[in-house]
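Observations on chain architecture
Listed below, chain by chain, are the residues.
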Amino acid sequence: MNKYLNGVLLVILVVLGCWFYFYEYKGSEKRQAVKQEAARLFPKATPSAASRLSFTRQATADDPSLAETLTPVVYSFARDDEDWMMTEPIHTLADTNKISTLVNQICDLKYDRVISEVPSDRDKYGLNPWSFEIRLYLKSDNESDIESICRFGDENPSRTGFYAEVVGQSKIYLIPNDVKIMLTKDTYTYRDKHLITFNPMEADSINVDCPTAVSYHLMKCEGEWLIDIPERTKADQARINEFISLLQAHEIAGFVDENPKGYGHFGLLSPYMILTFLDQESAKESQLIVGSLTDASGKFRYAKHSKFVNVFKIETDLLDRIPQTMFEIRDKSVCQFERERVGRIELHSPKGDFVLIRENNSDWVLTSPHRLDADDLQVGALLSDLAFLKATGLKPTEAEFGESYAKILLSDPDTDTKIVQLIIGEHPADGVGRWAKTNLEDTVFRISDSDIDRLLKNELELRNKELISVERNEIKEITIKKPECTLILVPDLDGWTIIEPKNADIDEEILDNLFWAIYRLKYDTIESEDISHLEIFGLDEPQTTLEIKLSDKSIGPIRFGNPIINSDSIYAYQEDSGIIVGIHKKTVENLRQFSCNKLK
């Protein structure tokens, strides 16, 4: 009996759970959606079906006796394919984004509640006469569009909404007051204010005709802008995209004349500039004609679209930011090459003549004037500086290139191919930068002095300055000798073990700092190649000596001597190198930071 009763209760529980889920939970969502749909003033309206829209504002006057003599304000819009046109009070392009948003809001317009269903109450709620009217037209299968009309009356006492009616219904509704706010703007708000009448980002051809400066034609090829006229070359992609974005972001500053009797006094018959944008795929074209200054202040110029008669004004600051010289629009890259192909670098300059070869497809070696390991980071930086080298100007025809000051040659030794040859010439007449040319094109550029300084490296910058280059797992033993004590360390799984002196205790963090001071130990300067008098540098009886045993060899000893006068470095000497160098004193201090008192 208990089992049977438990089974019945379980079934009832399951049924109640299903009822709650499907009716209360899921059903609630559906009922709410149905309720929301029922509250729409235009339940059959969809934005995609909207073909026309108009709204009328009754004119108002402080003197009631004059109200009947005033003309209502009417705004009408019609869809033209994807765009919206304003048909009243003027015929022009509308702001498609704003009108589309407006249509979406009107199609979804909902009432808060029904106030009355008595037609005679229209007077009571300010609907006879009404103050505002919306007419929405929807496409239909018949020749005529379906018309839906909503009229607004007075504001409610709490000022949270307006009374409204839908023509053909007897109900009077209360609708949110933000609806009327969005419909009571001026003509400037609703009309199109774009300088280019379609999205300029879609253009694949741009023509700039500027009688007072250079005129040029740009065309997009495989996603990149090219200059077609006055000479065919690659354009500065960032500069052209900035120019297009600039025009896209700015709007017409104000409308001057909707039906001008002539264009001569606007300077539009002899334009200051003409901008033409073309999207060849869609055959869309937009031409902006810019005329004379609007007044002596020079803040605005007159302008018009070629397809429309009205005249407006645009900011001169915007026009000044449009590229108006050949140098502004052209690609300013001096050297363009694939770094992976470069296997040989030649540098010839007052700083010396050097040849670098990449061996084993990775490591760079300085082969001339001496064979030394090269600093891979410095060589990489040199190639990056060349790849990103930008011109700061173009050489005028009359200027002299002069004699060669320096030369950089990149080549592929496997194929004996010259990839890039950069020749640097004399200073321009103003003394700023130098002229430069490559084997890639005939153009002669001006490049900056700072770029030249980075490119023309000396031997010290190019050579590998690592006194030690080891990985932790290669180290078998580290010995650091100071006059008062010696520290010997060996690595273990957890860190470091102190071999000498026995039973010494040093903080693990200090031991790690010792390792990082040793890791890829580099010098900053070469102080002397004469090692016959080490005592001059304090290296005969060094303050600190470092020696490292690896699994297959030993490194060192490296001696650290006296501080270098007027420098942040200390003299150092490694027997294998044959040179006395300068190492930053902070690095040496990290090697000396353990206390000998704690080791005894």
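Glancing now at the overall build of the chain. Helix and strand counts for the chain come out as twelve helices and 35 strands. Against the 2.2 N^0.38 benchmark of 25 Å for 600 residues, the chain shows a C-alpha radius of gyration of 41 Å, more extended than a compact globule. Seen along its three principal axes, the alpha-carbon backbone of the chain occupies a region of about 115 × 105 × 50 Å. The 600 residues of the chain split such that 43% are buried. The chain carries 70 positive and 100 negative side-chain charges, and their two centres are separated by 5 Å.

Bringing the sheet that holds strand β17 (residues 300-305) into the picture now. The strands making up a sheet associate through backbone hydrogen bonding, with each pair oriented either parallel or antiparallel. Read from one edge to the other, the open sheet built from nine strands follows the order β13-β12-β11-β10-β15-β16-β17-β18-β14, with strand pairing classed as antiparallel. Across the chains shown, the open sheet's two edge strands, defined by having one partner strand only, are β13 (233-234) and β14 (254-257). The pairing of β14 with strand β18 (residues 311-315) spans three bridges and is antiparallel. Each bridged residue has a counterpart across the sheet, and for D257 the counterpart in β18 is V311.

This part takes up the pairing of strand β16 (residues 284-293). Across seven bridges, the pairing between strand β15 (residues 273-279) and β16 is antiparallel. Residue pairing for β16: L278 is matched across the bridge by E285. Counting the residues between successive antiparallel strands, the hairpin from β15 to β16 contains four residues, one of them, A283, with a positive phi of roughly 65 degrees. The pairing of β16 with β17 spans four bridges and is classified as antiparallel. Bridge pairing links L293 to R301 in β17. Counted along the chain from β16 to the antiparallel partner β17, the turn is six residues long, and its residue G298 has a positive phi close to 75 degrees.

Right, let's talk about the pairing of strand β28 (residues 475-482) for a bit. One ladder, built from six bridges, connects β28 with strand β32 (residues 544-550); its direction is antiparallel. Considered in β32, the bridge of E477 is made with K549. Linkage of β28 to strand β29 (residues 485-491), two consecutive antiparallel strands, is achieved through a turn of two residues.

Turning our attention to helix α2 (residues 96-107). Here α2 spans 16 Å end to end across twelve residues, near enough to the 16 Å set by a 1.5 Å rise per residue. Among all positions in α2, only T96, I99, L102, V103, I106 and C107 are buried. Down the axis of α2, the sector holding all buried residues measures 130 degrees, keeping them to one side. Where α2 is buried, its residues contact β1 (50-57), β2 (73-80), β3 (83-88), β6 (132-138), α3 (178-182) and α4 (187-190).

Looking along the chain, the bond that leaves E88 and enters P89 is cis, with omega of 0 degrees. Looking at the secondary structure, you find P89 in the loop between β3 and β4 (92-93). Of note, the bond from S368 into P369 is cis; its omega dihedral lies within 30 degrees of zero at 10 degrees. Mapped onto the elements of the fold, P369 is located in the loop between β21 (363-368) and β22 (372-373). Positive phi values are uncommon outside glycine, yet E222 reaches one of about 55 degrees. Along the chain, E222 turns up in the loop between β11 (216-221) and β12 (224-229).

For helix α11 (residues 508-518), the full list of buried residues reads L511, L514, F515, A517 and I518. Looking straight down α11, one finds its buried side chains confined to an arc of 160 degrees; they lie on one side. Turned more than 90 degrees away from the buried face of α11 sit E509 and W516, all of them exposed. Elements that come into contact with the buried residues of α11 comprise β28, β29, β30 (496-500), β32 and α12 (585-592). R520 sits one or two residues past α11 and shows a positive phi near 50 degrees.

Turning our eyes to something else, we now look at the sheet that holds β3. Spatially, nine strands are ordered β4-β3-β2-β1-β6-β7-β8-β9-β5 in an open sheet, and the strand pairing comes out antiparallel. With one partner strand each, in any of the chains shown, β4 and β5 (113-116) form the two edges of the open sheet. As paired elements, β1 and β6 share seven bridges and run antiparallel to each other. Counterpart to L53 in the pairing with β6 is L136.

Right, let's talk about the packing of α11 against α12 for a bit. One way to put it is that α11 packs onto α12 with a least axis distance of 8 Å and a crossing angle of 140 degrees. Of the two elements, α11 crosses α12, and the hand of that crossing is left-handed. Judged by residue contacts, N513, L514, A517 and I518 of α11 engage T587, N590 and L591 from α12. Of the residues assigned to the contact of α11 with α12, the class counts are four nonpolar, three polar and no charged.

If you walk through the whole model with that rule in mind, you get 28 salt bridges. Between D430 and R446 there is a salt bridge, with the nearest N and O atoms lying 2.9 Å from each other. Of the two residues, D430 sits in the loop between β25 (417-424) and β26 (434-438) while R446 sits in strand β27 (residues 445-447), which places them 16 residues apart along the sequence. Ionic contacts of the salt-bridge type, sharing partners, join the residues E133, R135, E147 and R151 into one network.

For the coordinates displayed, the defined rule picks out 16 aromatic pairs. Relative to Y75, the ring of F55 lies with its centre 5.6 Å away and its plane at 35 degrees, an arrangement referred to as tilted. One end of the pair, F55, is in strand β1; the other, Y75, is in strand β2, and 20 residues separate them in sequence. Between F537 and Y571, the aromatic rings sit 4.8 Å apart at their centres with planes inclined by 65 degrees, giving edge-to-face as the arrangement. With F537 in the loop between β31 (525-528) and β32 and Y571 in strand β34 (residues 569-574), this pair connects stretches of sequence that are 34 residues apart.

With that settled, the discussion passes to the side chain of S54. Position of S54 relative to the elements: it lies in strand β1. Look at S54 and you get buried, because its relative accessible area is 10%. The contacts of S54, once residues within four sequence positions are left out, are Y75, S76, E133, I134, R135 and Y137.

Conventions used here
Residues numbered from 1 in each chain as written. Predicted model: local features only at pLDDT ≥ 70, side-chain atom pairs only at ≥ 80, totals over all residues. Heavy atoms only, no water. Helix = DSSP H or I, 4+ residues; strand = E, 2+ residues; numbered from the N terminus. Rg over C-alpha atoms; globule rule 2.2 N^0.38 Å. Buried < 20%, exposed > 50% of the residue type's maximum accessible area, 1.4 Å probe, protein only. Lys, Arg positive; Asp, Glu negative; His and termini not counted. Charge placed at Lys NZ, Arg CZ, Asp CG, Glu CD. Pairing = 2+ DSSP bridges. Expected span 1.5 Å × (residues − 1). Arc of directions from axis to C-beta. Contact = heavy atoms within 4.5 Å. Axes fitted to C-alpha atoms, helices over the stretch in contact; angles between N-to-C directions. Left-handed = near helix turned anticlockwise from the far one by under 90°. Nonpolar A, V, L, I, M, F, W, Y, C, P; charged D, E, K, R; others polar. Salt bridge = Lys/Arg side-chain N within 4 Å of Asp/Glu carboxyl O. Phe/Tyr/Trp six-rings, centres within 6.5 Å; stacked < 30°, edge-to-face > 60°.

The quantities given are spatial measurements derived from coordinates; they are silent on function.
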